[in-house]
Amino acid sequence: MEYTFDAIVIGSGISGGWAAKELCERGLKTLVIERGRMVKHVRDYPTAMLDPWDFQHGNTKTCTMIEENPTISKHYAFDESTKHFYIQDALHPYIQEKPFDWIRGYQVGGKSLLWARQTQRWSDYEFEAPKRDGFAVDWPIRYNDLAPWYSHVEKFVGISGNRDGLPNLPDSEVLPAFEMNAVEKYIKSKINRHFPDRPVIMGRCAHVTAPQTVHTEQGRTKCMARSLCQRGCPFGAYFSSNASTLPWAEKTGNLTIKTDTVVHSILYDEKAGKAVGVKAIESDTKREHLYKARIIFVNGATLNSNLILLNSKSSKFPNGLGNLNGLMGTHIAFHNYRGRITASIDGFEDQYYFGRRPTQVFMPSFRNVYKQETDFLRGYMVAFSASREGWSKRADGIGSTFKEALTEAGKWVVSMMMQGETVPIKENHVRLSNDKSDQWGVPLLITSIAYTENDDKQLLDFFQEGVKMLETAGCQDIVTVDQHAIGYRNPGLEVHDMGGVRMGNDPDTSLLNKWNQLHHCKNVFVTDGACMTSTGNQNPSLTFMALTARAANYAVDEIKRGNL
Ligand SMILES: Cc1cc2nc3c(=O)[nH]c(=O)nc-3n(C[C@H](O)[C@H](O)[C@H](O)COP(=O)(O)OP(=O)(O)OC[C@H]3O[C@@H](n4cnc5c(N)ncnc54)[C@H](O)[C@@H]3O)c2cc1C
């Protein structure tokens, strides 16, 4: 069977949802192909209103869950309340040449249902970094190219935060911020005094704290600070494709969503010199379909987008669509989350907080921002929060001991983590298996991605500086943990994998141009993490959304100009 659409979007997650919204709003008949099942906003959030005692095992990870899902179960948000939004390891194998935790959510909405919603803009300090420091290739765009699209996305998504006026973390369009608690304010004041170049700010996150008309029109309302977000939010308070972009696209009448359908490859027509559609397989019946369209947006999330493109072979492109330079799948990078520091702090016993704030406190990168000053490249962002021990351990103990414990909040404890930029290198790559494929006949992906010495040095610097800052703030019991060294955190577990189909000016050294089009196949756009030339230290999804909205509008303009 063949169907004809103006546009096909592969994947319905954070970036695919944005592609669908923009293309449909601009009048294109758009087919979104999603390998997972339908998840309708509210209707399909079965655990959203459950309490811990409503779950069979008090909402933990059971031994069976861990045995059945050795990779996925390592993820912090995987438990009885969320497991239906993660894949099952056994159904979706891949080959780890080096240990890599590939975390996936296959359903309508993708990982937009699960994400932790932290959103920070990039600045020119990130866009200019590869050129300045001599790694990867130069980005073909700068902050000014993306700034209007950040605004466009942020107003629709709803970002809570302050306008902090920081050069390396440009201000977003914001709704009211969440508040720091007493201990966080105290630590901030100490850091401000002793480390004046290290601003401490409230986390900017994709939560509607004061709904604007554009949010109520989406049917979304104010965040209730339940912090049960990963189950799906019945208030639509945090941004997900399901609550926001997809229903918006649907309202235009231009959207078709085909669920339970795995895109196998993109079809290239040698004569026409362009892509003409995709080959897709129904996930249960394994029936094959060909869908045709004028333009194709690839939004399967970084590694799946690499996989689809590498698997799109033709006589012109025997190594993957648009891959004439052999670089597709290489230079995969991610974020270095290895370091965690815990501490406690005396006093503040008459200080409490209310609700469950769904974000934390941040410190933008302060290393190598203005010039190279350490023996490692690039920097790391620091996130921390302070809380009272005991208040969140609702399932501890039993009977009167349990009840009494509940009336008293415990000691104040502090948790600090790093989010470091990793430097893309050619050796960190993915490729297709020559002899093993999945149940849909798609070759298995081989991941060959590891930390580098640069990451080790960055980790040590975080430990040194993090401890110094916490000591200055009067913390005790400071413990540093390299989560990789204790066998827990491989690359990938942070779910910020990027690259493989990088943007650049030169078709010899990059795959995509400044509009996210394949240099050698202009009607295919790649706008998820696969397009990232470098990773910055910021949480990435806001940038994926802005790049997607920008590329989608460009694509429509190009169609109108007769160029596509
Ligand atoms: C718990 C958690 C916390 C996170 N926290 C943050 C955060 O605070 N800030 C941040 O910026 N990011 C965060 N992330 C990362 C964020 O979720 C991703 O960056 C984002 O979802 C990527 O968007 P995407 O559209 O590329 O992929 P996804 O949202 O994963 O969507 C991809 C979609 O494509 C579909 N698909 C894949 N292959 C195919 C195929 N062959 N055929 C058809 N469909 C296909 C998938 O089923 C999926 O629905 C977090 C992730 C997790 C899991």
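Thresholds, definitions, all that
- Residues numbered from 1 in each chain as written.
- Predicted model: local features only at pLDDT ≥ 70, side-chain atom pairs only at ≥ 80, totals over all residues.
- Heavy atoms only, no water.
- Helix = DSSP H or I, 4+ residues; strand = E, 2+ residues; numbered from the N terminus.
- Rg over C-alpha atoms; globule rule 2.2 N^0.38 Å.
- Buried < 20%, exposed > 50% of the residue type's maximum accessible area, 1.4 Å probe, protein only.
- Contact = heavy atoms within 4.5 Å.
- UniProt positions renumbered as here; feature names shortened; annotations may be inferred.
- Expected span 1.5 Å × (residues − 1).
- Arc of directions from axis to C-beta.
- Polar contact = N/O pair within 3.5 Å; in protein donor to acceptor, adjacent residues only side chain to side chain.
- Pairing = 2+ DSSP bridges.
- Axes fitted to C-alpha atoms, helices over the stretch in contact; angles between N-to-C directions.
- Salt bridge = Lys/Arg side-chain N within 4 Å of Asp/Glu carboxyl O.
- Near = heavy atom within 4 Å.
- Areas by Shrake-Rupley, 256 points an atom, 1.4 Å probe, with all protein chains shown as cover.
- Nonpolar A, V, L, I, M, F, W, Y, C, P; charged D, E, K, R; others polar.
- Parallel < 35°, antiparallel > 145°, perpendicular 65-115°, else oblique.
- Left-handed = near helix turned anticlockwise from the far one by under 90°.
- Phe/Tyr/Trp six-rings, centres within 6.5 Å; stacked < 30°, edge-to-face > 60°.

What follows covers the overall build of the protein chain. The helix and strand inventory of the protein chain stands at twelve helices and 20 strands. Its C-alpha atoms give the protein chain a radius of gyration of 23 Å, within 12% of the compact-globule value 24 Å for 564 residues. Counting only C-alpha atoms and orienting by the principal axes, one finds that the protein chain spans roughly 75 × 55 × 50 Å. Looking at the protein chain as a whole, 59% of its 564 residues are labelled buried. Across the protein chain, the fraction of contacts at a sequence separation of at least 24, relative to all contacts at a separation of at least 6, is 72%.

Here we take up the UniProt feature "domain: Glucose-methanol-choline oxidoreductase C-terminal" (unreviewed entry) in the protein chain. The positions that UniProt labels "domain: Glucose-methanol-choline oxidoreductase C-terminal" (unreviewed entry) are, in the present scheme, residues 424–547. In the segment residues 424–547, helix accounts for 22% and strand for 27%; the C-alpha atoms at its two ends are 20 Å apart.

Across its 13 residues, helix α6 (residues 182–194) extends 19 Å between first and last C-alpha, which sits within 8% of the 18 Å expected from 1.5 Å per residue. Taken together, the buried positions of α6 are occupied by Val 183, Glu 184, Ile 187, Lys 190 and Ile 191. For α6, the buried positions fall inside an angular range of 125° around the axis, keeping them on one side. Tucked into the core, α6 has its buried residues touching β11 (339–345), β12 (361–363), β13 (380–388), β14 (412–421) and α11 (453–472). Two or three places before Val 183, at the start of α6, stands the capping residue Asn 181, its side-chain oxygen 3.2 Å from that residue's backbone nitrogen.

What follows deals with the sheet that holds strand β15 (residues 429–437). Read from one edge to the other, the open sheet built from three strands follows the order β3-β16-β15, with strand pairing classed as mixed. This sheet does not close on itself; its edge strands, each paired only once, are β3 (95–96) and β15. Taken together, the two bridges between β3 and strand β16 (residues 443–448) define a ladder with parallel strand orientation. By the bridge assignment, Ile 95 is partnered in β16 with Ile 446. Sheet strands in contact with helix α9 (residues 302–310) are β15 and β16, and its direction is about 60° off that of β15.

Attention shifts here to helix α5 (residues 143–157). For α5, built from 15 residues, the straight-helix expectation of 21 Å at 1.5 Å per residue is met to within 8% by its first-to-last C-alpha distance of 20 Å. The inward-facing, buried residues of α5 abut α1 (14–25), α3 (124–127), α7 (213–216), α8 (245–251) and α12 (541–560).

Attention shifts here to the pattern of salt bridges. Counted by the stated rule, this structure contains 29 salt bridges. Notably, a salt bridge pairs Glu 179 with Lys 185, separated by 3.5 Å at the nearest N-O pair. According to the relative accessible area criterion, Glu 179 is exposed, its value standing at 58%. Look at Lys 185 and you get partly exposed, because its relative accessible area is 44%. Several salt bridges share partner residues, and in doing so they unite Asp 197, Arg 198, Arg 367, Asp 461, Glu 465 and Lys 468 into one network.

Let us look at the UniProt feature "domain: Glucose-methanol-choline oxidoreductase N-terminal" (unreviewed entry) in the protein chain. Here, the residues flagged by UniProt with the feature "domain: Glucose-methanol-choline oxidoreductase N-terminal" (unreviewed entry) are residues 165–312. Helix makes up 22% of residues 165–312 and strand 24%. Its end C-alpha atoms lie 45 Å apart.

Residue position: Leu 91 is located in the loop between α2 (63–68) and β3. Judged by its relative accessible area of 43%, Leu 91 falls in the partly exposed class. Sequence separation between Leu 91 and Asp 438 is 347 residues, and the spatial gap between their C-alpha atoms is 8.4 Å. Residues in contact with Leu 91, not counting those within four places in the same chain, are Gln 439 and Trp 440.

For the ligand, the set of nearby residues contains 37 residues, the closest of which are Ser 15, Glu 34, Lys 111, Ala 116 and Ser 541. In this structure, an oxygen atom belonging to the ligand sits 2.6 Å away from a side-chain N or O atom of Glu 34. Across the complex, the protein chains shield 97% of the 990 Å² of accessible surface that the ligand would expose by itself. Looking at the shell around the ligand, its residues break down into 14 nonpolar, 18 polar and five charged.

Right, let's talk about the packing of α5 against α12 for a bit. When two helices pack together, their arrangement is given by the angle between their axes and by how far apart the axes lie. It is the contact of α5 with α12, at a shortest axis distance of 8 Å, that shows an interaxial angle of 105°. Judged by the inter-axis angle, α5 sits roughly perpendicular to α12. For the pair α5 and α12, the contacting residues are Asp 145, Leu 146, Trp 149, Tyr 150, His 152, Val 153, Glu 154 and Val 157 in the first and Leu 542, Thr 543, Met 545, Ala 546, Leu 547, Ala 549, Arg 550 and Asn 553 in the second. Within the contact of α5 with α12, the residues separate by chemical class into ten nonpolar, three polar and three charged.

On to the environment of Gly 529, then. Here Gly 529 shows up in the loop between β20 (521–526) and α12. In sequence terms Gly 529 and Thr 422 are 107 residues apart; their C-alpha atoms lie 14 Å from each other. When residues no more than four places from it in sequence are discounted, the contact partners of Gly 529 are Thr 302, Met 498, Gly 499 and Phe 544.

A word on the packing of α1 against α12. Closest axis-to-axis distance for the α1/α12 pair is 9 Å, and the angle between their directions is 30°. Taken together, the axes of α1 and α12 lie roughly parallel to each other. As α1 runs across α12, the sense of the crossing is right-handed. Residues Ile 14, Ser 15, Trp 18, Ala 19, Glu 22 and Leu 23 of α1 pack against Ser 541, Met 545, Thr 548, Ala 549, Ala 552, Asn 553 and Val 556 of α12. Residues belonging to the contact of α1 with α12 are distributed by class as follows: eight nonpolar, four polar and one charged.

Take the pairing of strand β8 (residues 288–298) next. On any regular strand, side chains alternate: one points to one face of the sheet, the next to the other face. Sheet analysis places strand β7 (residues 274–282) next to β8, joined by five bridges and oriented antiparallel. Across the sheet, residue Lys 279 finds its bridge partner in β8, namely Leu 290. Counting the residues in the hairpin turn of β7 and β8 gives five residues, including Lys 286, whose phi is positive at 65°.

In this section: the packing of aromatic side chains. Inspection of every chain in the model, using the stated rule, returns 20 aromatic pairs. On the basis of an interplanar angle of 75° and a centroid distance of 5.4 Å, the ring pair of Trp 122 and Trp 139 is categorised as edge-to-face. Note that Trp 122 is positioned in the loop between β3 and α3 and Trp 139 in the loop between α4 (129–133) and α5, a separation of 17 residues in sequence. Given the relative accessible area of 0%, Trp 122 is considered buried. Trp 139 gets classed as buried once you look at its relative accessible area, which sits at 1%. Seen from their ring centres, Phe 297 and Phe 525 are 4.8 Å apart, and the 5° between their planes marks the pair as stacked. A residue pair is termed long-range when its members are at least 10 positions apart, and Phe 297 in strand β8 and Phe 525 in strand β20 qualify at 228 residues. For the residue pair Phe 297 and Phe 525, the accessibility class agrees, reading buried in each case. By the ring-pair criterion, three or more aromatic residues cluster together here, those being Phe 366, Tyr 380, Phe 462 and Phe 463.

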